[in-house]
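Here are the chains, one letter per residue:
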Amino acid sequence: EGNEVLPFDPARDMSQLMTQAEKLGGVRLVIVDPVVSAVTGDSHKNTEVRRALQPLVDMGAAMGAAVLGISHFSKGGAGGDPTQRVVGSVAFAAVARVVLCAAKVKGIDGDEDRRVLARSKSNIGPDEGGFEYGIAQTKLEAWPDVQASVIDWRSAVVGTARELLADAEADSNS
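Residues numbered from 1 in each chain as written. Predicted model: local features only at pLDDT ≥ 70, side-chain atom pairs only at ≥ 80, totals over all residues. Heavy atoms only, no water.

Draft legend 1. The packing of aromatic side chains, seen in detail. Applying the stated criterion across every chain yields a total of two aromatic pairs. Between Phe 131 and Trp 153, the ring centres sit 6.3 Å apart and the planes meet at 75°, which makes this aromatic pair edge-to-face. On the criterion of sequence distance, the pair formed by Phe 131 in strand 5 (residues 130-139) and Trp 153 in strand 6 (residues 147-157) is long-range, its members being 22 residues apart. On the basis of an interplanar angle of 50° and a centroid distance of 5.7 Å, the ring pair of Tyr 133 and Trp 153 is categorised as tilted. (Phe/Tyr/Trp six-rings, centres within 6.5 Å; stacked < 30°, edge-to-face > 60°. Helix = DSSP H or I, 4+ residues; strand = E, 2+ residues; numbered from the N terminus.)

Written out as structure tokens, the structure reads:
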């Protein structure tokens, strides 16, 4: 009764989000996880997804901030175009200027598994290549009792997202 928490709806809540971002000042990154939560209608319908995401796109442009939407791959379709496998409507990937895919790739001949971040789509630069990375645990300097995950960036990798993630796709479907 009056204190009910409603899910985020860009059409309804954008002015409040903008107000809070202005109070904070200097906001340069807005993360929506999962991005499908920003769609109040059918997340498989192109026009509904585009309509729901447009206020986020406009907000990012107005603030000079990047908007990062996090999603997962749909089941099946191993070896297919990773951009086409984003859960929900193809509009999620179509609206984005850059689509990055992260996956754990099975090691070769008993080697350690690798993690790969690959560009699957880019309207503003190359749409292939990426980086290997690891995830490590560390203690925070300011709070030594707190463990945090950090990214250990490794070497650049060459190839399309489809090629780079092929091993991960095959492994995730077994």
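Draft legend 2. Spotlight on the pattern of salt bridges. Counting across every chain of the model gives three salt bridges. Of the charged contacts in the structure, one is a salt bridge between Asp 152 and Arg 154, with a shortest N-O distance of 3.2 Å. (Salt bridge = Lys/Arg side-chain N within 4 Å of Asp/Glu carboxyl O.)

Draft legend 3. Quick peek at helix 1 (residues 10-24). Within the sequence span of helix 1, burial applies to Pro 10, Asp 13, Met 14, Met 18 and Ala 21. Residues of helix 1 that are buried make contact with helix 2 (46-63). After helix 1 finishes, the residue Gly 25 shows a positive phi value of roughly 75°. (Buried < 20%, exposed > 50% of the residue type's maximum accessible area, 1.4 Å probe, protein only. Contact = heavy atoms within 4.5 Å.)

Draft legend 4. Here's a closer look at the pairing of strand 2 (residues 66-69). Sheet topology note: the strand 1 (residues 29-32)/strand 2 ladder contains four bridges and is parallel. Note on strand 2: the bridge partner recorded for Leu 29 is Ala 66. Note on the crossover from strand 1 through helix 2 to strand 2: the handedness is right-handed. (Pairing = 2+ DSSP bridges. Right-handed = clockwise from strand over helix to strand, strands pointing away.)

Draft legend 5. Layout of helix 2. In a regular helix each residue adds 1.5 Å, so 18 residues correspond to 26 Å; helix 2 covers 26 Å between its end C-alpha atoms and thus fits that length. The sharpest bend along helix 2 comes to roughly 30°, located at Leu 53, with the proline Pro 55 sitting one to four residues further on. Looking at helix 2, one finds that the buried residues are Val 49, Ala 52, Leu 53, Pro 55, Leu 56, Met 59, Gly 60 and Met 63. Close packing links the buried residues of helix 2 with helix 1, strand 1, strand 2 and helix 3 (91-95). The positive-phi residue at the C-terminal boundary of helix 2 is Gly 64, with phi of around 70°. (Expected span 1.5 Å × (residues − 1). Bend = angle between axes of the 7 residues up to and from the residue.)

Draft legend 6. Structural detail: the packing of helix 1 against helix 2. The N-to-C vectors of helix 1 and helix 2 enclose an angle of 20°; their axes lie 10 Å apart at closest approach. The orientation of helix 1 with respect to helix 2, classified from their angle, is roughly parallel. Relative to helix 2, helix 1 is oriented so that their crossing is right-handed. In this structure, helix 1 contributes Pro 10, Met 14, Leu 17, Met 18 and Ala 21 to the contact, and helix 2 contributes Ala 52, Pro 55, Leu 56, Met 59, Ala 62 and Met 63. (Axes fitted to C-alpha atoms, helices over the stretch in contact; angles between N-to-C directions. Parallel < 35°, antiparallel > 145°, perpendicular 65-115°, else oblique. Left-handed = near helix turned anticlockwise from the far one by under 90°.)

Draft legend 7. View of the sheet that holds strand 4 (residues 114-122). Strand order in the open sheet formed by four strands is 3-4-5-6, with antiparallel pairing between adjacent strands. Because the sheet does not close on itself, it has two edges, and the strands there are strand 3 (98-105) and strand 6. On average, each strand axis in the sheet is inclined to that of its neighbour by 30°, with strand direction left out of account.

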